[in-house]
Amino acid sequence: VNQAQLPTVMKFGGTSVGDVAAFERVFQIVSTQLAKQPVVVVSAMTKVTDALLAAFEIAKKGDFAAAIATLEPHFDRHTEVSRHFIPAGVPNAFNGELEFARGELSDLLIRVSRRSLPLSMLKDAIVSYGEQLSSRLLAEVLKAKGVKARQVDSRRLIVTDDEYGAAQPIWDETETLIKLELGPIIADDEVPIMGGFIAANRGGETTTLGRGGSDYSAAMVAAALGAGELQIWTDVTGVMTCDPRICAEARTIPVLSYEEAAELAYFGAKVLHPKTIKPAVDHAIPVRVCNTFEPDAVGTMVLADSAVVPNKIKSIAHKKNITILRITSARMLGSYGFMSALFQVFERFRTVIDVISTSEVSVALTLDNTSEIERVVTELERLGDDEVESGYAVICVVGEGLRASTGLASQVFSTIEDVNVALISHGASSVNLTFVIKEEAAADVIRRLHKQFF
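A few points on the structure. All values derive from a computational prediction rather than experimental measurement. Residue indices begin from 1 for each chain and proceed along its sequence in written order. At least 70 in pLDDT is required for a residue's local features to be given in this predicted model, at least 80 for side-chain atom pairs to be given and counted, and no such filter applies to totals for whole chains, interfaces and linings, which use all residues. As a rule here, side-chain values come from all non-hydrogen atoms in the structure, and water together with hydrogens is ignored.

## Examining the pairing of strand E5 (residues 191–195)
When accessible area is computed with a 1.4 Å probe and restricted to protein chains, residues below 20% of their type maximum are described as buried, those above 50% as exposed, and intermediate ones as partly exposed. Counting from the N terminus, the helices are DSSP H or I runs at least four residues long and the strands are E runs at least two residues long. Buried residues dominate E5, accounting for 5 of its 5 residues. The two faces of E5 match: Val 191, Ile 193 and Gly 195 on one face and Pro 192 and Met 194 on the other face are all buried. When DSSP locates at least two bridges between a pair of strands, those strands are taken to pair. Looking at chain direction, strand E2 (residues 38–42) and E5 are connected through 3 bridges and run parallel. Counted as the bridge partner of Val 40 is Ile 193 from E5. Across 4 bridges, the pairing between strand E3 (residues 149–152) and E5 is parallel. The residue of E5 that forms the bridge with Val 152 is Met 194.

## Things to note about the nonpolar core
Generally speaking, nonpolar side chains in soluble globular proteins are found buried as a group. For the purposes of this section, nonpolar cores are sets of buried Ala, Val, Leu, Ile, Met, Phe, Trp, Tyr and Cys residues that join through side-chain atoms within 4.5 Å. Core analysis: the largest hydrophobic core is formed by 52 residues, its most contacted members being Phe 12, Phe 23 and Ile 193. Note on contacts: a residue pair qualifies if any of its non-hydrogen atoms lie within 4.5 Å across the two residues. If we skip the residues at most four places from it in the chain, Phe 23 touches Ser 16, Val 17, Met 45, Val 81, Phe 85, Leu 137, Leu 138 and Val 141. Counting 41 residues, the second-largest nonpolar core is a separate cluster that includes Ile 178, Ile 185, Met 220 and Ala 317.

## Some thoughts on helix H8 (residues 213–225)
Multiplying 1.5 Å by the residue count of a helix minus one yields the expected span of that helix. Taking 1.5 Å as the rise per residue, H8 with 13 residues should run 18 Å; its terminal C-alpha atoms sit 18 Å apart, in good agreement. Taken across its 13 residues, H8 has 13 buried, putting it largely inside the fold. Where H8 terminates, the next one or two residues include Gly 226, which has phi positive at roughly 60°.

## Structural notes on the environment of Leu 402
Inspection of the secondary structure puts Leu 402 in the loop between strand E15 (385–398) and helix H13 (408–415). Spatially, the C-alpha atoms of Leu 402 and Ala 144 are 52 Å apart, while their sequence positions differ by 258 residues. If we ignore the near neighbours within four places in the chain, the residues touching Leu 402 are Lys 312, Ile 313, Val 397, Leu 408, His 426, Ser 430, Val 431, Asn 432 and Leu 433.

## Side note on the environment of Gly 13
For Gly 13, the position within the fold is in the loop between strand E1 (8–12) and helix H1 (20–32). Excluding anything up to four places from it in sequence, Gly 13 contacts Ser 43 and Trp 233.

## Topic: the packing of aromatic side chains
Paired rings are identified among Phe, Tyr and Trp, the last through its six-membered ring, by centres lying within 6.5 Å, and are further divided according to the angle between planes into stacked (under 30 degrees), edge-to-face (over 60) and tilted (the rest). A complete count under the given rule lists 2 aromatic pairs for this structure. Here Phe 12 and Trp 233 contribute two aromatic rings whose centre-to-centre distance is 6.0 Å and whose plane-to-plane angle is 20°, an arrangement assigned as stacked. In this pair, Phe 12 is assigned in strand E1 and Trp 233 in strand E8 (residues 229–234), connecting sequence segments 221 residues apart. Seen in terms of ring centroids, Phe 413 and Phe 435 are 5.2 Å apart; in terms of plane orientation they differ by 65°. Their pairing is edge-to-face. With Phe 413 in helix H13 and Phe 435 in strand E17 (residues 432–438), this residue pair connects regions lying 22 residues apart in the sequence. When its relative accessible area of 0% is taken as the criterion, Phe 435 is described as buried. Only Lys NZ and Arg CZ are tested; either one counts as a charge over a ring when it is within 6 Å of the ring centre and within 35 degrees of the ring normal. Of note, Lys 145 hangs over the ring of Phe 27, and the distance from its end group to the ring centre comes to 4.5 Å.

## Quick look at the pattern of salt bridges
One speaks of a salt bridge when a side-chain nitrogen belonging to Lys or Arg is within 4 Å of a carboxyl oxygen belonging to Asp or Glu. On inspection of all chains with the given rule, the structure shows 26 salt bridges. Here Arg 102 and Glu 72 are joined by a salt bridge, their closest N and O atoms 2.9 Å apart. Here Arg 102, found in helix H4 (residues 93–114), pairs with Glu 72, found in helix H3 (residues 64–85); they are 30 residues apart in sequence, far enough to count as distant. For Glu 72, a relative accessible area of 27% translates into the label partly exposed. The shortest N-O distance in the salt bridge between Glu 379 and Arg 382 comes to 3.5 Å. One continuous salt-bridge network, built from bridges that share partners, spans Glu 97, Arg 136, Glu 140 and Lys 143.

## So, the environment of Ala 93
Among the secondary structure elements, Ala 93 is positioned in helix H4. On a C-alpha basis, the gap between Ala 93 and Asp 215 in space is 27 Å, while along the polypeptide they are 122 residues apart. Sequence-distant contacts of Ala 93, that is, excluding residues within four places in its chain, are made with Arg 136 and Glu 140.

## Digging into the packing of H4 against helix H5 (residues 119–127)
Interhelical geometry of H4 versus H5 gives an angle of 160° and a closest axis separation of 10 Å. Taken together, the axes of H4 and H5 are roughly antiparallel relative to one another. You can see that H4 and H5 cross each other, and the crossing is left-handed. Residues Leu 105, Leu 108, Leu 109, Arg 111 and Val 112 of H4 form the contact with H5, whose own contacting residues are Leu 119, Leu 122, Ala 125 and Ile 126. Within the contact of H4 with H5, the residues separate by chemical class into 8 nonpolar, no polar and 1 charged. Think of each axis as a best-fit line through the C-alpha atoms, taken over the contacting stretch in the case of a helix, with angles from 0 to 180 degrees between the N-to-C directions. We call two directions roughly parallel when the angle between them is under 35 degrees, roughly antiparallel when it is over 145, roughly perpendicular when it lies between 65 and 115, and oblique otherwise. The hand of a helix crossing depends on one turn: near helix anticlockwise from the far one by less than a right angle means left-handed, and clockwise means right-handed. In the scheme used here, Gly and all other residues not listed as nonpolar or charged are polar, with Ala, Val, Leu, Ile, Met, Phe, Trp, Tyr, Cys and Pro taken as nonpolar and Asp, Glu, Lys and Arg as charged.

## Section: the state of the cysteines
Each disulfide consists of one covalent bond between the sulfur atoms belonging to two cysteines. Two cysteine sulfurs form what is called a disulfide whenever their separation falls within 2.5 Å. Inspection of the entire model under this criterion finds 0 disulfides. The structure places no disulfide on Cys 242, whose sulfur is separated from the nearest cysteine sulfur, that of Cys 247, by 4.1 Å. The class for Cys 242 is buried, based on a relative accessible area of 4%. Under the relative-accessibility criterion, Cys 247 is labelled buried at 3%.

Function cannot be read off these values alone, since they describe shape.
Pasting the structure below:
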């Protein structure tokens, strides 16, 4: 099939539909790519999801009138956009939709205050209005500006299990419905506009897909349609070679493999959550990260595999506020249950370990979340002597082919030979070399490495 005939799925995040100017930018982006048969997936307007969750919490305490009142300013933001684009005197379908939503939301919030249905079910129904309204509003704005657009309710396309708040899609049914519903619309040269993040179970009750859910919706639509490309429109130009706040020379990485993107996401490069784009990657659909505010800049392309770049390094990520925990035990020598006992402690207190390094008689590991550290240490004292040190940073050098390349680690460490490195983890992943240093040295180390490799 000719690439040009394949639809392009475009996902716009909350900041991309935050206000009048943002809607204008989305119109420009969609209207210039009409030949690519766009399918648009949109998040709720900025702050709206949080406002709906807050209203749910207020209603839970019994005060549904106050809960509804907190939503008014957000309804007004939608009305302002519709008033700006849709001339007075022209029938405005969005206003009717908004009135309808207002009535349904007050009904749902009353039910929350009375607890007349399971709260998890009511919460998903309430929070889904962010995407229901933003997708309807975008469709009406595009129509008013001469684009043949049509809102499609995602709850008729994405079928999930009953796990409210973090529902898992049922793929084969979802794939069939997406093709069935969107195929004819695209064939008619209309632009389908869908809300991300929202879905429905087999019984038709509204569910949501959890964090990063709009990217997930978009990736599923792209996979089902065999799209030519999935574009994630956000407020940054792709993934950078390092944090631009630390090093002004940081630049956009042109191409990343899925594995590299996953390593970077873990270290706080917040652009993409790897799980959410997996359906697209599994179907070999290129994912491009674009900046709504600089639509002509070329963003980062994420492919199933990416070529090795000449200097092998793609990006330097980091995480601050890291605590190192060392457990030393002579008993550990040759005892096979030790590691499992150790991990069980962290599992019990739901504490995630970032980096781990072992020797014959000791284990050192880093923690990002220290809320349970006292309890963890108390438990670990049964296993050996513990030392806890805070104030560290994890530096993560990411690039395809790191493990296979000779001399790269020595190049990294000779660049920072005067810095004390507390922990090193290398070889677990072929795309990642991680080490831990004192937090105050982090910015300097990142700048030096960036200078060395870029």
